Amino acid sequence: MNNIVLFEPEIPGNTGNIMRTCVATNTTLHLIKPLGFTLDDAHLKRSGVNYIDKLKYYVYDNFDDFKSKNKGTYYYFTRYGRKPHTSFDYSNTNGENMYFIFGKESTGIPKEILKKDLEHCMRIPMSGNVRALNLSNSVAIVIYEVLRQQNFKNLLFEEPFKGADYLEK
């Protein structure tokens, strides 16, 4: 199972966008406190639109609380990672839990956490002209690479509302 983990997210709009992405990709969201907003924040709801009620998510008091309740493989995204996000094989869909962990917008994931698992620290390749991509964009890039490797299991290839032949009509 695929899981997105936000370590101390600060910006409600980013988290709202990520919530929508999680609903679109059948991905569970994990939020690690402290949060820079409340879950009933208007910005959060506006970004997540009317999909938040379909979201499977959990909130944890801290990183240790999260780790004690979630077993599987952890992948950390940091601008200091030395491997691209595409360098791992995510195709195992045998029920293994994979957790894709992203840090808070201002400072990322603490170095103390990253140093314990350098093998799973990675970055999204980009030019030297920016420090990092927007958090919600980064999550979308990563989860769609994971899903691509899993052949987009349980996702629709045709538009479900107006029909597959909408453009032909």
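With the rule as written, the count across this model stands at 15 aromatic pairs. Aromatic side chains Phe 66 and Tyr 99 sit 5.5 Å apart centroid to centroid with 85° between the ring planes, which places their arrangement in the edge-to-face category. Taken together, the residues Phe 66 in helix α3 (residues 63–69) and Tyr 99 in strand β6 (residues 98–102) connect sequence positions 33 residues apart. For the pair shown, Phe 66 and Tyr 99 are each scored as buried. Three or more aromatic residues link up through ring pairs in this structure, and these residues are Phe 7, Tyr 60, Phe 63, Phe 66, Tyr 74, Tyr 76 and Tyr 99.

This paragraph deals with helix α1 (residues 12–25). End to end, α1 covers 20 Å across 14 residues, agreeing with the expected 20 Å (1.5 Å per residue, within 8%). The element α1 is extensively covered by neighbouring structure, given that 11 of its 14 residues are classed as buried. Those residues of α1 that sit buried are Pro 12, Gly 13, Asn 14, Thr 15, Gly 16, Ile 18, Met 19, Thr 21, Cys 22, Val 23 and Thr 25. Just past α1, the residue Asn 26 takes up positive phi, approximately 55°.

What follows concerns the nonpolar core. The biggest cluster of nonpolar side chains holds 25 residues, and the ones touching the most others in it are Ile 4, Leu 6, Leu 29, Phe 100 and Phe 102. Among the elements of the structure, β1 (2–7), α1, β2 (28–32), β4 (73–77), β6 and α5 (135–149) are those that each provide at least two residues to this core. In contact with Phe 100, not counting residues within four places along its chain, are Asn 2, Asn 3, Ile 4, Val 5, Tyr 75, Phe 77, Tyr 90, Val 142 and Val 146.

With the rule as written, the count across this model stands at 7 salt bridges. A salt bridge links Asp 61 to Lys 33, with the shortest nitrogen-to-oxygen separation between them at 3.8 Å. Of this pair, Asp 61 sits in the loop between β3 (57–60) and α3 while Lys 33 is found in the loop between β2 and α2 (42–48), placing the two residues 28 residues apart along the sequence. Looking at Asp 61, the relative accessible area reads 54%, which means it is exposed. With its nearest N and O atoms 2.8 Å apart, the salt bridge here joins Lys 69 to Asp 65. Of the two residues, Lys 69 and Asp 65 both sit in helix α3, 4 residues apart, roughly one turn of that helix. Judged by its relative accessible area of 55%, Lys 69 falls in the exposed class. Residue class for Asp 65 comes out buried when judged on its relative accessible area of 16%.

At a closest axis distance of 8 Å, the pairing of α1 and α5 adopts a crossing angle of 15°. Here α1 is positioned roughly parallel relative to α5, judged by the angle of their axes. For the crossing formed where α1 meets α5, the hand is right-handed. Of the residues in α5, those touching α1 at Asn 14, Asn 17, Ile 18, Thr 21, Ala 24 and Thr 25 are Leu 135, Ser 136, Val 139, Ala 140, Ile 143, Tyr 144 and Leu 147.

This part covers the layout of surface pockets. Counted as a void, the largest pocket has a volume near 810 Å³. Lining the largest pocket are 32 residues, with Phe 77, Thr 78, Arg 79, Tyr 80 and Gly 108 positioned closest to its centre. Counting residues per element, the ones that place at least two in the lining of the largest pocket are α4 (111–114), β7 (121–123) and α5. Among the elements that take part in the lining of the largest pocket, β7 stands out by supplying 3 residues, more than any other. Among the residues forming the lining of the largest pocket, the class breakdown is 14 nonpolar, 9 polar and 9 charged. If you add up the space inside the second largest pocket, you get close to 490 Å³. In this structure, the second largest pocket is lined by 14 residues; those nearest its centre are Val 23, Ala 24, Leu 156, Pro 160 and Phe 161. Among the elements that make up the lining of the second largest pocket, the one with the highest residue count is α1 (4 residues).

The rules we used
Here the residue numbering is sequential within each chain, running from 1 through the sequence in written order. Restriction of local features to residues with pLDDT of at least 70 applies here, the model being predicted, together with a cutoff of 80 or more for giving and counting side-chain atom pairs; totals for whole chains, interfaces and linings are based on all residues. Computation of side-chain values: all heavy atoms of the structure, hydrogens and water removed. Pairing of aromatic rings covers Phe, Tyr and the six-membered ring of Trp, with a centre-to-centre limit of 6.5 Å; geometry is then stacked below 30 degrees between planes, edge-to-face above 60, and tilted otherwise. The numbering of helices and of strands both runs from the N terminus, where a helix is a DSSP run of H or I of at least 4 residues and a strand a run of E of at least 2. Three exposure classes are used, based on accessible area relative to the maximum for each residue type with a 1.4 Å probe and protein chains only: buried under 20%, partly exposed in between, and exposed over 50%. Multiplying 1.5 Å by the residue count of a helix minus one yields the expected span of that helix. The definition of a nonpolar core used throughout is a set of buried Ala, Val, Leu, Ile, Met, Phe, Trp, Tyr and Cys residues joined through side-chain atoms within 4.5 Å. Working rule for contacts: check all heavy atoms of both residues, and any pair within 4.5 Å makes them a contact. For salt bridges, the criterion is a side-chain nitrogen of Lys or Arg within 4 Å of an Asp or Glu carboxyl oxygen. Structural elements are reduced to axes, namely lines fitted to C-alpha atoms, with helices fitted over the stretch in contact, and the angle between N-to-C directions of any two is expressed from 0 to 180 degrees. Each angle is binned into one of four classes, with values under 35 degrees roughly parallel, values over 145 roughly antiparallel, values of 65 to 115 roughly perpendicular, and all other values oblique. What makes a crossing left-handed is the near helix being turned counterclockwise from the far one by less than a right angle; a clockwise turn instead makes it right-handed. Within this scheme a cavity is a closed region of a 1 Å grid, computed over the protein atoms alone, that accommodates a 1.4 Å probe without allowing it to escape, whereas a pocket is open but has protein on both sides within 12 Å along at least five of seven lines; lining residues each have an atom within 4 Å of a point. Grid points are joined across faces, edges and corners, and a volume is the space filled by probe spheres set on the points. Amino acids are sorted into nonpolar (Ala, Val, Leu, Ile, Met, Phe, Trp, Tyr, Cys and Pro), charged (Asp, Glu, Lys and Arg) and polar (every other residue, Gly among them).

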